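Listed below are the residues making up each chain.
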Amino acid sequence: MSVVTRFPPSPTGFMHVGNARTALFNYLYARRHGGKFLVRIEDTDRKRHSEEAVQVIFEGLEWMGLEYDGEALSQFAGMGRHAEVAHEMLKAGKAYYCYCSPEELEAMRETAKAEGRSQFYDRRWRDRDPSEAPQDIKPVVRIKAPLEGETTINDVVQGAVTVAHDQLDDFILLRSDGTPTYMLSVVVDDHDMGVTHILRGDDHLNNSFRQKLIFDAMGWTLPVFGHLPLIHGPDGGKFSKRHGAQSVREYKELGYLPEAFCNYLLRLGWSHGDDEIISREQAIEWFDLEHIGRSPARFDFAKLDSLNAHYIKEARPERLLECSREFYKERHGLELSDIAVERITLGIEELKARSKTLLQFVDESAFYARSIPYAFDEKALALLGESKAILAALEDELESLEPFTGESIQNLCQKIAGDLAEGKLGKVAMPLRAAVTGTTVSPSIFGACAVLGRKETCARIRFAVQQGK
RNA sequence: GUCCCCUUCGUCUAGAGGCCUAGGACACGUCCCUUUCACGGACGCGACACGGGUUCGAAUCCCGUAGGGGACGCCA
């Protein structure tokens, strides 16, 4: 039997990290077994549906590199078929019309709550004669859930889970306007699409029992279920806005590489021995259901950072620059010129080694992309003010330094430090850094000057000396 | 409230009765490197929720307790 998995997001306007992981696992499992990974947009609720929200999902999948098979389906499009199934169940006596008014339902809900029961509908229309139906109420269609016994589902993640039938209510299949509910639609779609494995969030575990009722009523084979524990925020509570980033798009905007994000998500709830760095190829080869954890995990940005730092180091310069382009613009108003690209590429090894995120990479390499005049931060300005003589001497010597390399520049600074600063290299290097980069934090300043070249370095020093207070 | 699920270092986890004086990664601490901030290197700190069983032997199996999470819609 060939594997078919699916990712069924509802278009809420963003893609939650939990959904992202669900998508990843489904993708990996399908690829691992040479099966199909399908996407279905759960858009039956038209009030909450919008095209932009759907786009956000595709954007997220694309960024993560999760290619799906065939066309993404719209659940909305299958509503007619879903309703048909409900009517079949009606005909087969496995469902019935219920004429309760919202007020009646509300009253039942109150009573049930007071009595501590989890289901509230008292099945008053289950065996009632349709001739008693009120004329002014449009009925809903409810399933006839079993009254006695229990059902066990062998969840591949959670193990055998048993629920007593008195916990299952006669839930609604068709709303009073004739449209199918989610519970019906998923089952029909999953069956029609030939889905063999359903990997989804833990919050659906209880729904599985209801869905099994429909599968059974229609005589359809039940897919394999696997319920993944939820992802919690760093404080162990629900993952919310205050934790930083809930949606996939935000991670991109925070300067994370998709491979780092996916690697992190993969290890959150799944393991392969002691392996931490796992490439996409490796993940496809290794992924299995047996090693999915059963307990919820907290999201840890520090670990994501370290993974991101790793993948930044591995990334090719062109790719890094490509992913960073928009950040130079957004954060520094810089459009990367050819010369900027050339300089950054020359200094990239050190830049990569220092960066945990693309944002940091961009901030620390921005000085390469700038040209005179540029601004200095406060600390840099102060340094310039007290080091004019040193900078002037340095500039003078730099004009004729041969060769113009990181090493020779360092030696020169050493010499000037000996002459003018009691041998303290920092007294020369720091002002030079302030002059050339406009800040007090940067990669190795000698190497940076070599990358900039003699002409640019000297020009920057002259410019800086004029700015110093 | 009712039902379901979960519980190994601060965090993610390895572990499927003896290989465990419990391993790895991130974080943290100390030291080294050093022109800044980092990177890197070395070393270190640090956990089987609790209580009962079962067994020659339990992190691993069973039962309770506590704690955490989830579900209880004409939402998905």
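1. Digging into the confidence of the model for chain A
So, step 1. When the pLDDT values of chain A are averaged, the result is 92; 99% of them are 70 or greater.
So, step 2. Among the prediction metrics, the complex's ipTM stands at 0.94, with pTM recorded as 0.94.

2. Examining the sheet that holds strand 8 (residues 172–174)
So, step 1. The three strands lie next to each other as 4-5-8, forming an open sheet whose pairing is antiparallel. Both edges of this open sheet fall to strand 4 (95–98) and strand 8, since each of them pairs with a single strand only. Here the average twist between neighbouring strands, direction ignored, is 45°.
So, step 2. As paired elements, strand 5 (residues 140–143) and strand 8 share two bridges and run antiparallel to each other. Its bridge partner lying in strand 8, Arg 142 is registered against Ile 172.

3. Comments concerning helix 16 (residues 388–398)
So, step 1. Turning to helix 16, its buried residues number three or more, namely Ile 390, Leu 391, Leu 394, Glu 395 and Leu 398. Projected onto a plane normal to the axis of helix 16, the buried residues spread over an arc of 130° and lie on a single side. Exposed and facing more than 90 degrees away from the buried side of helix 16 are Ala 389 and Asp 396.
So, step 2. Looking at the buried residues of helix 16, the elements they touch are helix 15 (378–386), helix 17 (406–420), helix 18 (426–437) and helix 20 (454–467).

4. Digging into the protein's contact with RNA strand B
So, step 1. Around RNA strand B, 64 residues are found, and the nearest of them are Ser 118, Arg 175, Glu 276, Arg 354 and Ser 442.
So, step 2. Each atom of RNA strand B within 4 Å of the protein was assigned to sugar, phosphate or base; sugar and phosphate come to 70%.
So, step 3. Separating a sugar or linking oxygen of RNA strand B from a side-chain N or O atom of Ser 10 is a distance of 3.3 Å.
So, step 4. In this structure, Ser 442 approaches RNA strand B through a main-chain N or O atom, which is 2.6 Å from a base nitrogen.
So, step 5. Among the secondary structure elements, those contributing two or more residues to the surface near RNA strand B are helix 4 (102–115), strand 7 (159–164), helix 6 (205–218), strand 12 (297–298), helix 10 (301–314), helix 13 (348–354), helix 18 and helix 19 (445–452).
So, step 6. Looking at the surface near RNA strand B, its residues break down into 22 nonpolar, 22 polar and 20 charged.

5. What about helix 11 (residues 317–332)?
So, step 1. Largest kink in helix 11: about 45°, centred on Ser 324.
So, step 2. Listed in full, the buried residues belonging to helix 11 are Leu 320, Leu 321, Ser 324, Phe 327 and Tyr 328.
So, step 3. Turning to helix 11, the residues buried within the fold contact helix 7 (248–253), helix 10, helix 12 (338–346), helix 13 and helix 14 (358–369).

6. A closer look at the nonpolar core
So, step 1. Phe 361 and Leu 432 are the most contacted members of the largest nonpolar core, which totals 57 residues.
So, step 2. The dominant element in this core, judged by the number of residues it contributes, is helix 14, at eight residues.
So, step 3. Built from parts of two domains, this core gets at least three residues from each of domain 2 (248–365) and domain 3 (378–467).
So, step 4. Val 3, Ala 30, Leu 199 and Ala 297 belong to the second largest nonpolar core, which has 46 residues in total.

7. Some words on the sheet that holds strand 1 (residues 4–7)
So, step 1. Read across the open sheet, the three strands follow the order 1-2-3; overall the sheet is parallel. The outermost strands of the open sheet, each flanked by one partner alone, are strand 1 and strand 3 (73–74).
So, step 2. The pairing of strand 1 with strand 2 (residues 36–41) spans four bridges and is parallel. Looking across to strand 2, one finds that Phe 7 is bridged to Val 39.
So, step 3. The sheet contacts of helix 2 (residues 51–64) involve strand 1 and strand 2, and relative to strand 2 the element is tilted by about 160°.

8. Description of the domain arrangement of chain A
So, step 1. Under the domain assignment, chain A is made up of domain 1 (78–228), domain 2 (248–365) and domain 3 (378–467).
So, step 2. Here domain 1 and domain 2 have C-alpha centroids that lie 43 Å from each other.
So, step 3. Domain 1 puts six residues into the contact, and the matching count from domain 2 is four residues.
So, step 4. In total, domain 1 and domain 2 occlude about 490 Å² of area from one another, counting both sides; carbon and sulfur atoms represent 67% of this.
So, step 5. By the criterion of area lost to domain 2, the three top residues of domain 1 are Val 157, Gln 158 and Leu 199, representing 64% of everything that side buries.
So, step 6. Put simply, domain 1 and domain 2 have zero salt bridges between them.
So, step 7. Looking at the side of domain 1 that touches domain 2 residue by residue, the class counts come to four nonpolar, two polar and no charged.

9. Observations regarding the packing of aromatic side chains
So, step 1. As enumerated under the stated definition, the model contains 19 aromatic pairs in all.
So, step 2. Judged by centre distance (5.1 Å) and plane angle (55°), the rings of Phe 25 and Phe 287 are tilted. A residue pair is termed long-range when its members are at least 10 positions apart, and Phe 25 in helix 1 (residues 17–32) and Phe 287 in the loop between helix 9 (280–286) and strand 12 qualify at 262 residues.
So, step 3. Aromatic side chains Trp 270 and Phe 287 sit 5.4 Å apart centroid to centroid with 40° between the ring planes, which places their arrangement in the tilted category. Of this pair, Trp 270 sits in the loop between helix 8 (258–267) and helix 9 while Phe 287 sits in the loop between helix 9 and strand 12; the two residues are 17 residues apart in sequence, bridging distant segments of the chain. Here Trp 270 matches Phe 287 in class, with each residue buried.
So, step 4. Each member of the aromatic cluster is reached from another via a ring pair, and the members are Trp 63, Phe 239, Tyr 251, Tyr 256, Phe 261, Tyr 264, Phe 299 and Phe 301.

What counts and what doesn't
Residues numbered from 1 in each chain as written. Chains lettered and ligands numbered in written order. Predicted model: local features only at pLDDT ≥ 70, side-chain atom pairs only at ≥ 80, totals over all residues. Heavy atoms only, no water. pLDDT = per-residue confidence, 0-100. Pairing = 2+ DSSP bridges. Helix = DSSP H or I, 4+ residues; strand = E, 2+ residues; numbered from the N terminus. Axes fitted to C-alpha atoms, helices over the stretch in contact; angles between N-to-C directions. Buried < 20%, exposed > 50% of the residue type's maximum accessible area, 1.4 Å probe, protein only. Arc of directions from axis to C-beta. Contact = heavy atoms within 4.5 Å. Near = heavy atom within 4 Å. Polar contact = N/O pair within 3.5 Å; in protein donor to acceptor, adjacent residues only side chain to side chain. Nonpolar A, V, L, I, M, F, W, Y, C, P; charged D, E, K, R; others polar. Bend = angle between axes of the 7 residues up to and from the residue. Core = buried A, V, L, I, M, F, W, Y, C linked by side-chain atoms within 4.5 Å. Domains from an automatic or database assignment. Buried area = accessible area lost by both parts, 1.4 Å probe. Salt bridge = Lys/Arg side-chain N within 4 Å of Asp/Glu carboxyl O. Phe/Tyr/Trp six-rings, centres within 6.5 Å; stacked < 30°, edge-to-face > 60°.

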